[in-house]
Amino acid sequence: MKVKIKDIAKAAGVSPTAVSQVLNDRPCRLAEATKEKILRVAREMKFQDQGLISADRFGNIKTVGLILPEPIPFFLDLAYKITQELYKKGYTVFQCTVGNDLDCCYRALESLTCKNVDGIIVIPPCTGKKDTKLPKMLKALQNSGVPMILVDRAVYSVFCDFVTTDNKLGGKIATESLIHCGHRKIGCIMGKKDAYTVRKRMDGYKQALVSYDISYDEKLVYYGEFTKNTGAMGAEDLISKGVTAIFAGNDEIAVGIYEYAKKEKIKIPEELSVVGFDNTSICDFLTPPLSSVEQNTAQLAEKIVEVMLADLEKTEEEDAPSNYYYTPVLKERASVGKMIL
């Protein structure tokens, strides 16, 4: 049976956080006698024999685990910037790309914990179905004393520091940009219905409609994946229902809308206006260039690293977890046209 940090903590009569700090040679206010006791108990319990980082030999190695879901451009860019920010602070990142496979995510979390990383940054996978195991695993991770923060997507009943964009506001400003150009029959194509970011962006979409006295019609909303294929299928469905504009849940979906419009000889923005989300590099390469809601990955990465490092320096449980919301902005380009009555 594997020896865990909490097992050493119990045997030494200290907190899991204290054990994690000593084994990873992090600065702390513990007495030297207590540190020696923790190391002695860890050796007696053969903790280091399991291939974990040795405080004696590798105390200068600082690592952070990063759980990355589906490899869409936004997450890839954010992961790169997080890695660069942590590298500047002397940390190496162990990145695990798990897609939307919960079993893969469970194994990645277990592996990172067993490898005794200093902290873990989790962008949870999105499956569109209820799951109780992931919250339990994340809570167990917290109890083990490993600092953890959630990014982009919240997980029900898991309370830790959380960094994300204000997705509701993003959905609102995207929809309002279409309304301001005279559009009233506005469709929406999103990823999985139960995903945190989808629900928030939909809240913004609905709020914008209500603010301008436009009735919400669930038939004008198409759910699927954050992919080009969903964009194309959603465009076919919504255009057949007479929409003049579409709010795409991300830029990948918008690409699918463009491809369908080109195939059907539908002109953008003359006959169909489109707004995306994420403002990835693809926006400038589309014809016409795509208006999109920007999530500033550089600012997000800086805050994520700042919060992670602050958590790593805590000696005990201090302060309640905090939520950090970043304000999105709309990058206007040529994909939105005025509605001709």
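Predicted model, so just to flag it, every value in this text is computed and none were measured.

Undergrad: Quick one: what's the story with the confidence of the model for the protein chain, residue by residue and with numbers?
TA: Within the protein chain, residue pLDDT values average 89, and 93% of them lie at 70 or more. Taken together, the stretch residues 49-59 has pLDDT below 50 and engages in 23 contacts with residues farther than four places along the chain or on a different chain.

Undergrad: I'd love a proper account of the packing of helix 5 (residues 102-114) against helix 6 (residues 133-143), names of residues and values included.
TA: For the pair helix 5 and helix 6, the least separation of the axes is 11 Å and the interaxial angle reads 10°. The pairing of helix 5 with helix 6 is recorded here as roughly parallel in orientation. From helix 5, Leu102, Cys105, Tyr106, Leu109, Glu110 and Thr113 reach across to helix 6, where they touch Lys133, Leu134, Met137, Leu138 and Leu141. Its residues placed into classes, the contact of helix 5 with helix 6 shows eight nonpolar, one polar and two charged.

Undergrad: I'd like a rundown of the sheet that holds strand 9 (residues 273-278), residues and numbers included.
TA: Taken together, six strands build an open sheet; the order of strands is 7-6-8-9-10-12 and the sheet is mixed. The sheet terminates laterally at strand 7 (221-223) and strand 12 (329-331), the two strands that pair on one side only. Strand-to-strand twist in this sheet, taken as the mean axis angle between neighbours without regard to direction, amounts to 20°. The sheet contact formed by strand 6 (residues 186-190) and strand 8 (residues 245-248) spans four bridges and is parallel. Bridging from a neighbouring strand, Cys188 pairs with Phe247 of strand 8. Against the sheet, helix 7 (residues 167-179) contacts strand 6, strand 8, strand 9, strand 10 (291-294) and strand 12, and its axis sits at roughly 160° relative to strand 9.

Undergrad: I'd love a proper account of the environment of Val275, names of residues and values included.
TA: By secondary structure assignment, the location of Val275 is in strand 9. Sequence separation between Val275 and Ser292 is 17 residues, and the spatial gap between their C-alpha atoms is 5.4 Å. Among all residues touching Val275, those that are not within four sequence positions of it are Ala174, Ser177, Leu178, Ile246, Phe247, Ala248, Leu290, Ser291, Ser292, Leu330 and Val336.

Undergrad: Lay out helix 9 (residues 228-239) in plain terms, naming residues and giving numbers.
TA: A rise of 1.5 Å per residue sets the reference length of helix 9, with its 12 residues, at 16 Å; its end C-alpha atoms lie 16 Å apart and thus fit the reference within 8%. Taken together, the buried positions of helix 9 are Thr230, Gly231, Gly234, Ala235 and Leu238. Relative to the axis of helix 9, the buried residues are bounded by an arc of 130° and lie together on one face. Considering only its buried residues, helix 9 is in contact with strand 6, strand 7, strand 8 and helix 10 (251-263).

Undergrad: Explain the pattern of salt bridges to me, and be specific about the residues and the numbers.
TA: For the structure on display, the rule yields 12 salt bridges. One salt bridge in this structure joins Lys172 and Glu176, with 2.7 Å as the shortest N-O distance. With Lys172 and Glu176 both in helix 7 and four residues apart, this pair spans about one turn of that helix. Overlapping salt bridges, with partners in common, bring together Glu70, Asp152 and Arg153 in one network.

Undergrad: Help me get a handle on the sheet that holds strand 1 (residues 63-68), residues and values and all.
TA: Each strand in a sheet pairs with its neighbour through backbone hydrogen bonds, running either in the same direction (parallel) or in the opposite one (antiparallel). Strand order in this open sheet of six strands is 2-1-3-4-5-11, and the pairing throughout is parallel. Every other strand in the sheet has two partners, leaving strand 2 (92-97) and strand 11 (323-326) as the edge strands with one partner each. Strand after strand, the sheet turns through a mean of 15° between neighbouring axes, direction not considered. Here four bridges tie strand 1 to strand 3 (residues 119-122), and the two strands are oriented parallel to one another. Paired with Leu66 across the two strands is Ile121, which belongs to strand 3. Its contacts with the sheet put helix 4 (residues 73-88) on strand 1, strand 2, strand 3 and strand 4 (148-151), and the angle it makes with strand 1 is roughly 175°.

Undergrad: Just give me the short version of the packing of helix 1 (residues 5-12) against helix 2 (residues 16-23), but keep the residues and values in it.
TA: A packed helix pair is summarised by two numbers, namely the angle formed by the two axes and the spacing between the axes. Look at helix 1 against helix 2: their axes get within 8 Å of each other, and the N-to-C directions meet at 105°. It follows that helix 1 is roughly perpendicular to helix 2 by the angle criterion. Here Ile5, Ile8 and Ala9 of helix 1 lie close against helix 2, whose contacting residues are Pro16, Val19, Ser20 and Leu23. Among the residues making up the contact of helix 1 with helix 2, the classes are represented as six nonpolar, one polar and no charged.

Criteria and cut-off values
Residues numbered from 1 in each chain as written. Predicted model: local features only at pLDDT ≥ 70, side-chain atom pairs only at ≥ 80, totals over all residues. Heavy atoms only, no water. pLDDT = per-residue confidence, 0-100. Contact = heavy atoms within 4.5 Å. Axes fitted to C-alpha atoms, helices over the stretch in contact; angles between N-to-C directions. Helix = DSSP H or I, 4+ residues; strand = E, 2+ residues; numbered from the N terminus. Parallel < 35°, antiparallel > 145°, perpendicular 65-115°, else oblique. Nonpolar A, V, L, I, M, F, W, Y, C, P; charged D, E, K, R; others polar. Pairing = 2+ DSSP bridges. Expected span 1.5 Å × (residues − 1). Buried < 20%, exposed > 50% of the residue type's maximum accessible area, 1.4 Å probe, protein only. Arc of directions from axis to C-beta. Salt bridge = Lys/Arg side-chain N within 4 Å of Asp/Glu carboxyl O.

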